[in-house]
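One-letter residues, chain by chain:
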Amino acid sequence: MGMSVRFPRVAVIGGAGYVGSALVPALLAAGYEVTVADLFLFGEQVFDGLKARSSLRTVKVDIRDEAALTAALRGVEAVIHLACISNDPSFELNPRLGKSVNYDAFFTILRAVRSNGVKRFIYASSSSVYGVKDQPEVTEETPCEPLTDYSRYKLFCEQVLRSEGVGEGEWVIVRPATVCGYAPRLRLDLTVNILAIHALVNKRIRVFGGAQLRPNLNMKDMVAAYRLLLDVPREAVHGKTFNVGYQNRTVAEIAELVRSRIGDPGIAIAMEPTDDLRSYHINSDWIRRALGFVPRWTIEDAIDSLCAAYREGKIPEPLTHPRYYNIKTMQALKLEEQLVASSRS
Ligand SMILES: NC(=O)c1ccc[n+]([C@@H]2O[C@H](COP(=O)([O-])OP(=O)(O)OC[C@H]3O[C@@H](n4cnc5c(N)ncnc54)[C@H](O)[C@@H]3O)[C@@H](O)[C@H]2O)c1
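Every chain is numbered independently, its residues counted from 1 as its sequence is written. Thresholds applied to this predicted model are a pLDDT of at least 70 for local features of residues and 80 or more for the giving and counting of side-chain atom pairs; totals over whole chains, interfaces and linings are not thresholded and use all residues. Side-chain calculation: all heavy atoms of the structure are included, whereas hydrogens and water are not.

(A) Examining the pairing of strand β1 (residues 9-13) more closely. Relative accessibility under 20% of the residue-type maximum defines a buried residue, over 50% an exposed one, and the middle range a partly exposed one, all with a 1.4 Å probe and only protein chains included. To qualify as a helix, a DSSP run of H or I must reach at least 4 residues; to qualify as a strand, a run of E must reach at least 2; elements of each kind are numbered from the N terminus. Counting buried residues along β1, 4 of its 5 residues qualify, which places the element largely inside the surrounding structure. Pairing between strands is defined by DSSP: at least two bridges between the two strands are required. In this structure, β1 lies alongside strand β2 (residues 33-38), joined through 5 bridges in parallel fashion. Within the sheet, the bridge partner assigned to V10 lies in β2 and is V34. Taking the sense of rotation as the criterion, the β-α-β connection linking β1, helix α1 (residues 18-29) and β2 turns out right-handed. Bridge count between β1 and strand β4 (residues 78-81): 4 bridges; the pairing is parallel. Following the sheet pairing, V12 is matched in β4 by I80. By convention a crossover is right-handed if, when the strands point away from the viewer, the path from the first strand over the helix to the second runs clockwise.

Here's what the structure looks like:
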């Protein structure tokens, strides 16, 4: 095959979500054989354009179903774990469901990973584990003080991974900033994406507060970071934790960027008061020093990608379709809180 990558067979758990929908095609294009293990909560059409590729295998599986997950990971050398009830409101909609997927299932996943002899396990945590910090540089050494259950369980999973490991295999933890930019399974409930779509559709952006800092990462750099973490030598990543972010900007600055980038001075920015002035920011120097990872794509590039997709008709019903908004999808789905024991065993 002429493959020069370290682990040619990769599984992406939760690979049919926002990040996965950009990452999986990139991995396929780089020559990986990819298994996507996901419940496809946001639709099964994500990879329709890729179906012809024999190197993509999709398995509809609930990560809480150990037998099914273990089977799905058979023969896989590396696993990237992205599956999640992945924001605060969706978690809080049903905290028991949130805990069962975001925490309890983590033990299931580690067992499935170990029993398959997976060589590298990459866990998508979140930069929200730090909570709000006054200090200017929030590095991996900064104590974590998560403010919500979503973030708390991210941190608990990190701790489980550090203490249990994955047998002989290697593991690494990633704490990404908020991702921005177009992807086939698009989320419009993330800061840059929300502001951009409102500017495009309504010609009006509402900014609550505005002075709050947000750490951002272009989807293309998120994808590049996972590809790098898959392919660097063991000693470069094993047992490590990396922030991955690029530009820290205030919400008001992002709104201005959106207006100037779309190039329509008629876009109104309405500043509205809020009680929630929490600021988040991170420092991502360590992954640059340790692995040479340098982000290359800006917030402006992300805005451009959303504009282009919108104008090409790739974002139908942007303000109303539940698939773009995790909370709306979760409200419509009503997932079971506890998975009944696997029917197949
Ligand atoms: N998007 C961001 O800005 C961002 C920032 C930091 C961290 N992260 C983390 O990166 C990961 C991916 O984020 P995303 O934005 O792609 O999220 P997403 O919500 O778009 O995707 C999550 C995927 O997990 C799947 N899933 C949920 N519950 C499942 C279950 N019980 N069994 C199987 N699959 C299940 C969903 O179907 C979905 O495809 C998440 O862990 C998230 O916490 C994301």
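What follows picks up the thread again.
(B) Summary view of the sheet that holds strand β7 (residues 178-180). Here we have 3 strands laid out as an open sheet, ordered β7-β9-β11, and mixed in their pairing. If you trace the sheet from one side to the other, it starts and ends with β7 and β11 (248-250), each paired once. Strand-to-strand twist in this sheet, taken as the mean axis angle between neighbours without regard to direction, amounts to 50 degrees. With 3 bridges connecting them, strand β9 (residues 213-218) and β11 associate as antiparallel partners. Simply put, an axis is a line fit to the C-alpha atoms, just over the touching stretch for a helix, and the angle between two N-to-C directions goes from 0 to 180 degrees.

(C) Molecular detail of the sheet that holds strand β6 (residues 170-176). Pairing is parallel across the open sheet formed by 7 strands, whose spatial order is β3-β2-β1-β4-β5-β6-β10. Two strands in the sheet have a free side with no partner beyond their single neighbour: β3 (56-60) and β10 (240-244). Within this sheet the neighbouring strands show an average axis-to-axis angle of 20 degrees, counted without direction. Two residues qualify as a contact provided that any one of their heavy atoms is within 4.5 Å of a heavy atom in the partner residue. Strands in contact with helix α4 (residues 95-115) are β1, β4 and β5 (120-124); relative to β5, the strand with the most contacts, it is inclined by about 160 degrees. The strands touched by helix α7 (residues 219-231) are β1, β4, β5, β6 and β10; relative to β5, the strand with the most contacts, the crossing angle is about 155 degrees.

(D) Quick look at the pattern of salt bridges. Only one rule defines a salt bridge in this text: a Lys or Arg side-chain nitrogen within 4 Å of an Asp or Glu carboxyl oxygen. Within this structure, the stated rule accounts for 22 salt bridges. In this structure, the salt-bridge partner of E77 is R9, at a minimum N-O distance of 3.8 Å. On the criterion of sequence distance, the pair formed by E77 in the loop between α2 (66-72) and β4 and R9 in strand β1 is long-range, its members being 68 residues apart. Owing to a relative accessible area of 36%, R9 belongs among the partly exposed residues under this scheme. Here D304 ties to R261 by a salt bridge, and the two come within 2.8 Å at their closest N and O atoms. Residue D304 is located in helix α11 (residues 299-311), and its partner R261 is located in helix α9 (residues 251-262); the two are separated by 43 residues in the primary sequence.

(E) A look at the packing of aromatic side chains. Here a pair means two rings of Phe, Tyr or Trp (six-membered ring of Trp) with centres within 6.5 Å. Their orientation is stacked below 30 degrees between planes, edge-to-face above 60, and tilted elsewhere. Across all of its chains, the model carries 9 aromatic pairs by this definition. Within the aromatic cluster, the residues linked to one another by ring pairs are F91, Y103, F107, Y153 and F156. The ring of F42 carries the charged tip of R185 above its face, separated from the ring centre by 3.7 Å. Counted as over-ring charges are cases with an Arg CZ or a Lys NZ within 6 Å of the ring centre that also lie within 35 degrees of the ring normal. Above the ring of W297, the side-chain terminus of K220 is found at 4.0 Å from the ring centroid.

(F) Representation of the site of the ligand in the model. Throughout, the term near means that a residue has one or more heavy atoms lying within 4 Å of the molecule or strand in question. Close contacts around the ligand come from 31 residues, with D38, S86, Y150, V179 and R185 the closest. Between an oxygen atom of the ligand and a side-chain N or O atom of K154, the distance comes to 2.8 Å. By the criterion applied in these results, polar contacts are pairs of N or O atoms within 3.5 Å in which, for protein atoms, one can donate a hydrogen and the other can accept it, and in which residues neighboring in sequence qualify only through two side-chain atoms. Here an oxygen atom of the ligand and a side-chain polar atom of N326 are 3.0 Å apart. If you list the elements that add at least two residues to the shell around the ligand, you get α1, α5 (149-164) and β7. In terms of residue class, the shell around the ligand is built from 19 nonpolar, 7 polar and 5 charged. Nonpolar residues are Ala, Val, Leu, Ile, Met, Phe, Trp, Tyr, Cys and Pro. Charged residues are Asp, Glu, Lys and Arg, and all others, Gly as well, are polar.

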